[in-house]
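The lines below spell out each chain.
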Amino acid sequence: MRVLKIIPERCTGCMRCELACSYEQTGTFQPSKAVIRVSSFEGHTSYAPYTCPQCAEAWCLTACPVEAIGISPAGAKEVADDICVGCKLCTIACPYGTVFYDPDSHKAFKCDLCGGKPACATVCPTQAILYVEAGTEDWLASFAAERALPAALAGAR
Amino acid sequence: MAAKRHVIVGGGTAGWNAITAIREIDKGASEITLVADEAPYARMVLPYYLGRQIGESHVTTAGPQRLAALKVAARLGRRAARADAAGSKLVLDNGDEVPYDDLLIATGSSPVRPPVPGAEGANVHSFWTLPQARAVSGGIKPGSRVAMIGAGFIAFTILNALVSRGARLTVLEIAPRILPRMVDDAAAQIVQGWLEARGVVVRPGVQVTAIEDKGGAKVVKLKDGPPVEADLVIMATGIRPNLGWLEGSGVEVKAGVVVDARMRSNVPNIYAAGDVAEGPDRVTGAKAVHAIEPTAVQHGRVAGANMAGREVAYPGSLLMNIVDVLDLEIASFGAWDDAGAEAAVDLRADRPAYRKLLFRGGRLVGAILLGRTREIWATNDVGMLKGLVYTGKDLSAWKARLRARPQDIRLAYLATGTARELLPQTLLGGPSVPERDVTVNA
């Protein structure tokens, strides 16, 4: 399966992935509705995008009471808008924080790999987001652990 | 060898997930009999039926065709009268006997009403089953005065629907605060203020003494204040697991049927799942009844897998709830009310925003999250809090930071490699299969 592989060291924080993602998902540019979200580290000196790892357990899918979440041909766990009622069980089942609720449509939404052509990877100017054949991984853990040093930042505003 | 005979009592979330787990594994090799007083449907989506966002057919989880396709012999409209554990047979309410090799108790819960005069009167409804949802829906017109007795999670799941249908709502709660088993005082106060500002009358700390009729209307009498007049009364005063039929069966029952990590009771070929099961609690390690939908799903899958012969140990359930009322999001996880935990609290004066993180040592054992729906979903915090409580990640190095800025959940989550720990974990030992892709061999 092809997955979104993230190489955080390449990310420049341009936020194009969030913009492209929200445009693809909602038809408008609004990062708050992007399903890939960029974190900043160490006073905005470095950045990394984070999105659904398309996990094997598929917590969201098994939690849905009306089978609104399936697996798409691209291998993504995908919400069917016409079945989803917006009960949010998927959002608390998911331990990755990557299933969201849209207060406008009253539906759950998440990364569906844009049907196999993920917009975030397409627009990333530094190839920090690749859509490649790989096993899914926690791409950010080491990068974040090095840069988000809690002791150094304790109390920082 | 004769095909193994599985008997499932209850067609709700736990029972249905057990059935699909069995079929996912055995592809139809066993016999499955489902005994249920109602055809399988999803209670969780009844609020959306009440709100008229979906029709009745949307509520059904498994119609006759689906049951037949999964080779399930359904005894619908029947209840279990008793379990004969020594004889390995189930006795139904009509006297029929159903022999089994293993039995799953998944009889769920029923709503309870306080024992006050008039509690069973006309236009007094529970909201739990589909027929009850139909009755409530049929009783509401724009402008209807609705008295909601009880301000717990179930009451809150239907507030949006009632308001959208044009009901004028009064919420009565016997506890000193609303949502007493989901959030703390500070959060409850914010929610109450939010509802009141939107025209909902909220009266915590009141006890109903009687429900009377007065010229076609209902009058809810209170011990602690003036009575409330309404056209329709909804009793959302809690649920109780359906366990009475197990008396004398030899199955050990405390708050629920006590089960081990494989959802097995003290009787080796009797399993229990969902609201009736007292199983492992992820946070405390003790046993607990977590009568919530996500636990019913997992219990059902684990029980089904074990019944199908795959040895699966359940890592334990996490108490959690999420509900929004009129665009205010309210969620809590784990031991949110742990009085002995160290709390990091962030309460905003300028807007409805509150979060509370509860630590035991370096471990996050519970959390409360409250805020405007739009603000909450601009973050990853709902699921990340779940992930942090679920994994019990060591956040010792992050505690001071999170106390100063409880908004930094995402950084703590990423930097502690929470996803790395979670990714290899699967409940049944492999990738989950969508229910609709579960089929049986011809």
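Computed from a predicted structure; not experimentally measured.

Caption draft 1: Inspection of the overall build of chain B at higher detail. A count of helical and extended segments in chain B gives 13 helices and 26 strands. Taken over C-alpha atoms, the radius of gyration comes to 23 Å for chain B, in line with the 22 Å a tight globule of 442 residues would show. Along the longest, intermediate and shortest principal axes, the C-alpha atoms of chain B span 70 × 65 × 40 Å. The buried share among the 442 residues of chain B stands at 50%. By sequence separation, contacts in chain B at least 24 residues apart represent 65% of the contacts at least 6 residues apart.

Caption draft 2: Focus on helix H10 (residues 381-391) of chain B. Residues and elements named next belong to chain B. Here H10 lies mainly inside the structure; 11 of its 11 residues are buried. For H10, the full list of buried residues reads Asp 381, Val 382, Gly 383, Met 384, Leu 385, Lys 386, Gly 387, Leu 388, Val 389, Tyr 390 and Thr 391. Phi turns positive, to about 65°, at Gly 392, one or two residues after H10.

Caption draft 3: Representation of the environment of Gly199(B) in the model. Residues and elements named next belong to chain B. The topology assignment puts Gly 199 in the loop between helix H7 (185-197) and strand E12 (201-204). A tally of 10 C-beta atoms within 10 Å means that Gly 199 is categorised as exposed. Along the sequence, Gly 199 and Ile 330 sit 131 residues apart, while their C-alpha atoms lie 19 Å from each other.

Caption draft 4: Summary view of the interface of chain B and chain A. With 51 residues of chain B at the contact, the number on the chain A side is 45 residues. Sorting the residues of the side of chain B that touches chain A by element identifies helix H8 (293-307), strand E22 (320-325), helix H9 (373-376), H10, helix H11 (399-404), helix H12 (409-415) and helix H13 (418-422) of chain B as the ones contributing at least two each. It is H10(B) that contributes the most residues to the side of chain B that touches chain A, 7 residues altogether. Considering only residue class, the side of chain B that touches chain A consists of 29 nonpolar, 11 polar and 11 charged.

Caption draft 5: Looking closely at the domain arrangement of chain B. Residue and element names in this part refer to chain B. Domain parsing of chain B yields domain 1 (5-110 + 240-317), domain 2 (124-237) and domain 3 (327-421). For domain 1 and domain 2, the distance between their C-alpha centroids amounts to 31 Å. Of the residues contributing to the side of domain 1 that touches domain 2, the split by class is 6 nonpolar, 2 polar and 2 charged.

Caption draft 6: Region of interest: the sheet that holds strand E24 (residues 342-347) of chain B. Residues and elements named next belong to chain B. Judged by pairing direction, the sheet is antiparallel, and its 5 strands sit side by side in the order E22-E23-E26-E25-E24 without closing on themselves. The open sheet is flanked by E22 and E24, the only strands paired with a single partner. Recorded for the sheet is a direction-independent mean angle of 5° between the axes of neighbouring strands. By the bridge criterion, 6 bridges tie E22 to strand E23 (residues 328-334) in an arrangement that is antiparallel. Each residue of the ladder has a partner; that of Asn 321, found in E23, is Ser 332. Taken strand by strand, H10 contacts E22, E23 and strand E26 (363-372), and its axis lies near 165° from that of E26.

Caption draft 7: Focus on H8(B). Residue and element names in this part refer to chain B. Between its first and last C-alpha, H8 extends 21 Å over 15 residues, near the 21 Å set by a 1.5 Å rise per residue. The buried fraction of H8 amounts to 15 of the 15 residues, a majority that puts the element mostly inside the structure. Downstream of H8 by a residue or two, Gly 309 has a phi angle that is positive, lying close to 100°.

Caption draft 8: A look at the nonpolar core. Judged by nonpolar contacts, the single largest core of 202 residues is most densely connected at Cys60(A), Ala18(B), Leu104(B), Tyr271(B) and Ala273(B). Beyond its immediate stretch of four places on either side in the chain, Ala18(B) contacts Ile8(B), Leu104(B), Ala106(B), Ala273(B), Gly300(B), Ala303(B), Gly304(B) and Met307(B).

Caption draft 9: Local environment of the sheet that holds strand E14 (residues 217-222) of chain B. Residue and element names in this part refer to chain B. With antiparallel pairing, the 3 strands of this open sheet are ordered in space as E13-E14-E15. If you trace the sheet from one side to the other, it starts and ends with strand E13 (208-214) and strand E15 (225-230), each paired once. Geometrically, the sheet is characterised by an average inter-axis angle of 20° between neighbouring strands, direction not taken into account. Here E13 pairs with E14 via 6 bridges, running antiparallel.

Caption draft 10: A look at the domain arrangement of chain A. Residues and elements named next belong to chain A. Per the domain assignment, the segments of chain A are domain 1 (1-51 + 115-152) and domain 2 (53-110). Here the C-alpha centre of domain 2 lies 20 Å away from the C-alpha centre of domain 1. For the side of domain 1 that touches domain 2, the residue count by class is 3 nonpolar, 5 polar and 1 charged.

What counts and how
- Here the residue numbering is sequential within each chain, running from 1 through the sequence in written order.
- Both sets of labels track the order of writing: A upward for chains, 1 upward for ligands.
- Two thresholds apply to this predicted model, a pLDDT of at least 70 for residue-level local features and 80 or more for giving and counting side-chain atom pairs, whereas whole-chain, interface and lining totals are computed over all residues.
- By the criteria applied, helices consist of DSSP H or I runs no shorter than four residues and strands consist of E runs no shorter than two, each listed in order from the N terminus.
- We compute the radius of gyration from the C-alpha atoms alone; for a globule the expected value is 2.2 Å times N to the 0.38, where N is the number of residues.
- With C-beta atoms placed from the backbone, a residue counts as buried when 20 or more other C-beta atoms lie within 10 Å of its own, as exposed when 12 or fewer do, and as partly exposed for counts between those limits.
- We call two residues in contact when their backbone-placed C-beta atoms lie within 7 Å.
- Each residue receives one of three labels: charged for Asp, Glu, Lys and Arg, nonpolar for Ala, Val, Leu, Ile, Met, Phe, Trp, Tyr, Cys and Pro, and polar for the others, Gly being one of them.
- Domain start and stop positions are those given by an automatic or database domain assignment.
- Two strands pair under a simple rule: DSSP has to find at least two bridges between them.
- Each axis is a line fitted through C-alpha atoms, taken for helices only over the stretch in contact, and angles between the N-to-C directions span 0 to 180 degrees.
- The span you would expect from a helix comes to 1.5 Å times its residue count less one.
- For this entry, the nonpolar core is defined as buried Ala, Val, Leu, Ile, Met, Phe, Trp, Tyr and Cys residues connected by C-beta atoms within 7 Å.

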